[in-house]
Each structure stands twice: as C-alpha cells, then as structure tokens.
Amino acid sequence: AELSRAIAYAEARGAICVASAGNDGNEIIVYPAAYRSVLGIASTNAFDERSGFTNYGQDLVSLAAPGEGLITTYPGNTYAAVWGTSFSTALVSGS
C-alpha cells in the first residue's frame, strides 16, 4: 500500500514512473512495474529481441530497451559490461 501511495504522490506532481520488469525470464506480475500507471520495462538484446532473462507479458511490460552487454561505470575508476532490466529501465528513464 505504501508503494502505491508513493507512486500516486509522484504522479500527482507530474512524474512519470518507470520500473524494471525483473529478470526471472517468466510471464509473471511484479510490482511496481505492474501498476497500471507505471511503465514496466523489459530487456532486449543486440538483435532487438526479448532477452532470455527478462520477465514479459502484456500486464507487466509497457516498453523494452537494450539490457545485454551494456557498458557502464564500475567501482575502482573502471568500466564493466552489465545485463539486466534495471539497466534497460535506466536507459528509458534517461538516467
């Protein structure tokens, strides 16, 4: 209930809420991505196909973005390759 109230609060102030669809590779419902007013984000691969690890389904996913082999900063003043819907969500949100 608290998460739902927080999302409603953010949206009432003009925020667009996005959330990771999860990395279980199943057609399941996960929150907050499955809230009607939240954009659930899945992962795609280099061929613009659904990643094998991403959760999916019309009641969960609104958009998909690259989420495999992305390069990002990493502790120790270096870079690393990463996989996951959290990284896809960051691309969609622009952060």
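Described below are features of the structure shown in this document. (Residues numbered from 1 in each chain as written. Predicted model: local features only at pLDDT ≥ 70, side-chain atom pairs only at ≥ 80, totals over all residues. Heavy atoms only, no water.)

## Describing unusual backbone geometry
- The residue after Y31, namely P32, is reached through a cis peptide bond having omega 15 degrees.
- Checked against the element boundaries, P32 lands in the loop between β1 (18-20) and β2 (39-44).
- Positive phi outside glycine occurs at D48, with the angle close to 60 degrees.
- With phi around 60 degrees, N77 is a residue other than glycine that occupies positive phi space.
- Looking at where N77 falls in the secondary structure, it is placed in the loop between β4 (70-74) and β5 (78-82). (Helix = DSSP H or I, 4+ residues; strand = E, 2+ residues; numbered from the N terminus.)

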